[in-house]
Amino acid sequence: ESWAWLRDLGRVMNREPLAAWRTIDDVIAALAATRPVFAELPKVAPPVAYRDGGACVPRELMRYSGRTAMHANLSVHEPKPPRDPDSPLAFSMEGATLALPQLTPEFWAPGWNSVQAVTRFAEEVNGPLRGGPSGVRLIEPAAKTPPRYMREIPHRYERKKDTWPVIGLPCVFGSDELSMYSAGVAQRAPAMHVAMHPDDMQRAGVEAGDSVRMDFDHAQAELPVQRRADLPPGVVGVPLGLPQGFAGPLPHWCRIEKA
């Protein structure tokens, strides 16, 4: 109940309507009554008390039937699923077999995985879902007075004179957690390097294979340069997840000079 602290704060301060909130439906109703942009919010999904044939809508698929084996090493008694007071969904595979599009926890069909199965739930390919729309569009582009964040476009990124922003670059081999413990993956993982756009290489006076010294506020690193024309100019990247990788927070600003 992420909203419950607001309710508790309202009770301590004796502030209505916060103190009177009982479910997230009360929060949604308050938002809809306070801001015109949220007027349609109550229509996004059915209320907390919604039931299909008296049953909640299951979050889990029928394949979840082996859940007892998950903790069989500890106990063969299945614990009671946690209750969800903020939605008509249940942390279980039992419940209503048919649900509204707004309450479809996952698209699945025999032989199909995840969103690949969405066409089985739609009236036609790339068409609307059976049973109606899956939500409500709150912000329309043609609004007479668009919100501020739709009117004020941030300035285009501009390079700084002597520093580069460093971002993390996921690798096909090596970036997944624990994947480097597999010898086959480790053999295919790239060596640690810093990727730069050709324009930035020229700006720094380096070529592919040259070593550069990266000076961060909290650390230093010396890495070879790899040419990456698909990077935006003014941005450099380092591989993520490698054992010898950069351990600092990313993205981060650094100074680069030829080693």
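A quick note: this is a predicted structure, and the numbers were derived from the prediction, not measured.

Participant: How should the environment of glutamate 40 be read in this particular structure?
Facilitator: You can see glutamate 40 is positioned in the loop between helix H2 (24-34) and strand E1 (57-58). Assessed through its relative accessible area of 33%, glutamate 40 is described here as partly exposed. Along the primary structure glutamate 40 and isoleucine 139 are separated by 99 residues, whereas in three dimensions their C-alpha atoms are 9.9 Å apart. Excluding residues within four positions of it along the chain, glutamate 40 makes contact with Val136 and Leu138.

Participant: What is the right way to read the side chain of histidine 252 from this model?
Facilitator: Here histidine 252 is to be found in strand E8 (residues 252-258). Setting aside residues up to four positions removed in sequence, histidine 252 forms contacts with Trp164, Pro165, Val166, Phe216, Asp217 and His218.

Participant: How do you make sense of the side chain of serine 92 when you look at a structure like this?
Facilitator: Here serine 92 shows up in the loop between strand E2 (89-90) and helix H3 (148-151). Residue contacts for serine 92: discarding those within four places in its chain leaves Pro58, Arg59, Glu60 and Pro81.

Participant: Honestly, the pairing of E8 in this entry has me stumped. Any pointers?
Facilitator: On any regular strand, side chains alternate: one points to one face of the sheet, the next to the other face. Summarising the sheet, strand E3 (residues 164-169) and E8 pair through 3 bridges and their orientation is antiparallel. Residue tryptophan 164 lies in a different strand from E8, and its bridge partner there is cysteine 254. Examined bridge by bridge, strand E5 (residues 211-215) and E8 share 4 bridges and lie antiparallel to one another. Counted as the bridge partner of valine 212 is lysine 258 from E8.

Participant: What is the right way to look at the environment of methionine 93 in this model?
Facilitator: Relative to the helices and strands, methionine 93 resides in the loop between E2 and H3. Sequence separation of methionine 93 and proline 58 is 35 residues, and the distance between their C-alpha atoms is 5.0 Å.

Participant: How should I be thinking about unusual backbone geometry in this particular structure?
Facilitator: Generally, phi is negative for residues other than glycine and the peptide bonds are trans, each holding for most cases. Residues other than glycine seldom take positive phi values, yet asparagine 14 does so here, at roughly 55 degrees. If you trace the backbone, asparagine 14 turns up in the loop between helix H1 (4-13) and H2. When its relative accessible area of 65% is taken as the criterion, asparagine 14 is described as exposed. Here leucine 178, not a glycine, exhibits a phi torsion of approximately 70 degrees, which is positive. Assignment of secondary structure puts leucine 178 in the loop between E3 and helix H4 (183-188). Exposure remark for leucine 178: the relative accessible area of 59% places this residue in the exposed category.

Parameters at a glance
Residues numbered from 1 in each chain as written. Predicted model: local features only at pLDDT ≥ 70, side-chain atom pairs only at ≥ 80, totals over all residues. Heavy atoms only, no water. Helix = DSSP H or I, 4+ residues; strand = E, 2+ residues; numbered from the N terminus. Buried < 20%, exposed > 50% of the residue type's maximum accessible area, 1.4 Å probe, protein only. Contact = heavy atoms within 4.5 Å. Pairing = 2+ DSSP bridges.

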